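A structural walkthrough
The primary structure of each chain is shown beneath.
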Amino acid sequence: MKNTPYWWTALAEKTNTEKPLPIKADVVIVGAGITGLNAALTLVKANRNVLLMDANQAGYGASTRNAGFLSKAHLHSLSTLIQKYGEDKAIPLVEEACKAFDFTQALIEREKIDCHYNPSGRIYWAYTHQQGKKLHTEHQALAKHFSRLNINANLTGSSAQSLDIHSAQYHQGLHVKDSSTLHPGLYTQGLEQRVCENGAELACNTKVKSIEKKASGFTVKTSRGDVQANQVIVATNAYVGEETPYFRQRVVPVVGQMIAIKPNDPAMLEKLLPNHIAHLDVRAMFRFWRRSPDNTHILFGSRTGFAAPNPNKAAAQLKGLLVDIFPQLAQSPVSHYWKGLLGGTMDQFPHLGCHNGIYYATGMNGHGVPMGTYLGDNIAKKLMREHDTATQFDDLSFKAAPLIKGKSWFMPLVCGAQKVAEKMEKPVS
Ligand SMILES: Cc1cc2nc3c(=O)[nH]c(=O)nc-3n(C[C@H](O)[C@H](O)[C@H](O)COP(=O)(O)OP(=O)(O)OC[C@H]3O[C@@H](n4cnc5c(N)ncnc54)[C@H](O)[C@@H]3O)c2cc1C
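Since the model is a prediction, treat every value here as computed from it, not as a measurement. (Residues numbered from 1 in each chain as written. Predicted model: local features only at pLDDT ≥ 70, side-chain atom pairs only at ≥ 80, totals over all residues. Heavy atoms only, no water.)

So, about the overall build of the chain. Each helix and strand in the chain was counted, giving 12 helices and 18 strands. Here the C-alpha radius of gyration of the chain, 21 Å, is about what a compact globule of 429 residues would show, namely 22 Å. With respect to the three principal axes, the spread of C-alpha positions in the chain is 70 × 50 × 45 Å. When the 429 residues of the chain are sorted by exposure, 57% land in the buried category. Entry remark: accessible area of the chain is about 18700 Å², with carbon and sulfur atoms responsible for 52%. (Helix = DSSP H or I, 4+ residues; strand = E, 2+ residues; numbered from the N terminus. Rg over C-alpha atoms; globule rule 2.2 N^0.38 Å. Buried < 20%, exposed > 50% of the residue type's maximum accessible area, 1.4 Å probe, protein only. Areas by Shrake-Rupley, 256 points an atom, 1.4 Å probe, with all protein chains shown as cover.)

The structure is reproduced here in C-alpha cells:
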C-alpha cells in the first residue's frame, strides 16, 4: 500500500530547478493550492508581477488530496441554511456556491485544463428514516427555489436498481444533477502550468516565516531569504501556521482521509458503481466515494476529524467503513491511503478580504475545489480594486476559534460527539 494520494500517480515528475528567490515582487502569494494558483492566474493575466510561494510543491496541501467533487452547495444544506438565516440571507449565500461551480466549469473550459471534468451528478444517501426526511425537506427547498438557483434534484426510489448502487445500506437518496467530478491532481497541475506559462514565478520549498508591514509594502521573510512585496495574498487554508496568527486563530484544520481500492474482479466495479456519480452518505461522520476517472479503482473517504497514527491501521478502519457499504470488497486490497487537512471556520463559510493590508481567501470548509477557484480569482480582483467584486462572504464576521496554544482542543470533542451520534443512528431495517 502506498501512503500517498492516488491522484499523484498521474502527475508529471517534478524537476528540481530552483532559481534564486527574487528580492522584490509586486504581489507575493503565500500558498500554491487551488486558491493561490487561481489568484495568481487572474493577477498575471492582468500583467501584474506575481511571486507565488509554497512551503512544499504546488498543490501539496488539500488541493491534490481531495475527492474531486464539485457542487452548488455549502457544508450546510439549503434547508438548514434557510432555517438558520431565513430565505433572504440563505438564498444569496447558496447563489455564491452556484457562481463558484459555474465559474470553475467555465475556467476549466477556457484554460483547456484536461482534468477529467465530468458533469456526473451526485447522490446524497440516507441511512436512517430521519435522514430520509431531511433529504425530502431539502428536495422541497431546492424545488421551491429552482428559478433562482437552477439546481435540479430528484428523490430516488428505494429499489437498488433505481438507486444506481448495489448496497443494501440505504433506503433513500437525493440525486442532484448539477454536480460534477474531476481529477484534482490534474486540475491543480493544469492550473500550475497556466500560471507559469503566463509569466508568474513559482517558488516551491519556500516557507514563509513572517510577513512584516513596512511604511510602504511588506517584507516577506522566508526559509530562502527575504522578499519585498507591494502587496500580499495569504491562501494557506487549513495548512496555516503561526507565521500568520490572525488566520491560524480562525481556520481550524480538520483531517480528511481517503483510500483507493482496486476490486479483485474488474466487473465488480461496473456492478457496484455503474457510472461516475459522486456519492455522499449523510451520516454524522460523513463518507464519500466515487470511481477513479480511469475506471480502475474505487476512491473512498471520510471526514474523521483525526487519523490513527499508523497508516495501515487508518487504512484498515476506512476500508471497514467501505466494506459496511459494499461487503463484496472485503477481499480487495487497498492500493493507496492518504490524508489531508480541510479548513473549517466557526460559521462554516469561507472568508475573504483584507486584514492589516494583507489580502486573504481561506476557510473553504471542504468545498475548496470550486470555492477556492472562485474566491482565488475574486481576491485577486479585490486587490486590483476592480468593480463588482462583492460577495455574500465579504461582510461575515470572521470569528476566532477557541484555540489553546494554536491547537483546536475542541476538535476531538466534536469528533467524539459525532461518533457517539453515529452509533445511535439506527439503519432502516
Ligand atoms: C480528504 C479530503 C477530501 C476533500 N474533498 C473535497 C471535494 O471533494 N471537493 C471540494 O471542493 N473540496 C474537497 N476538499 C477540500 C479541498 O481540497 C480544499 O478546500 C482546497 O484544496 C483548498 O485549497 P487551498 O488552495 O485553499 O488550500 P491548500 O490546497 O491546502 O493549499 C495551501 C498551501 O499553502 C501552503 N502553505 C501553508 N503555509 C505556508 C507557508 N508558511 N509558506 C508557504 N506555503 C505555505 C501549503 O504547503 C499548501 O500547499 C477535501 C479535502 C480533503 C483533505
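Quick look at the pairing of strand β11 (residues 225–234) now. Pairing analysis gives 6 bridges linking strand β1 (residues 24–30) to β11, with the strands arranged parallel. Each residue of the ladder has a partner; that of Ala25, found in β11, is Ala229. By the bridge criterion, 5 bridges tie strand β10 (residues 218–222) to β11 in an arrangement that is antiparallel. Residue pairing in the sheet places Phe218 in a bridge with Ala229 of β11. (Pairing = 2+ DSSP bridges.)

Time to look at the packing of helix α2 (residues 78–85) against helix α4 (residues 129–144). Interhelical geometry of α2 versus α4 gives an angle of 80° and a closest axis separation of 8 Å. One way to sum up the angle between α2 and α4 is to call them roughly perpendicular. Taking contact as the criterion, the partners of Leu78, Ser79 and Ile82 in α2 are, on α4, Thr137, Glu138, Ala141 and Leu142. (Axes fitted to C-alpha atoms, helices over the stretch in contact; angles between N-to-C directions. Parallel < 35°, antiparallel > 145°, perpendicular 65-115°, else oblique. Contact = heavy atoms within 4.5 Å.)

What follows concerns the site of the ligand. What surrounds the ligand is a group of 37 residues, the closest being Thr35, Asp54, Ser63, Phe69 and Glu243. Gly61 places a main-chain nitrogen or oxygen 3.3 Å from an oxygen atom of the ligand. Protein chains bury 97% of the 1000 Å² of accessible surface belonging to the ligand in isolation. For the shell around the ligand, the secondary-structure elements that each account for two or more residues are α1 (34–45), β12 (252–261), β16 (334–344) and α11 (368–383). Among the residues making up the shell around the ligand, the classes are represented as 17 nonpolar, 16 polar and 4 charged. (Near = heavy atom within 4 Å. Polar contact = N/O pair within 3.5 Å; in protein donor to acceptor, adjacent residues only side chain to side chain. Nonpolar A, V, L, I, M, F, W, Y, C, P; charged D, E, K, R; others polar.)

So, to be careful, I would describe these as geometric facts and stop short of saying anything about function.
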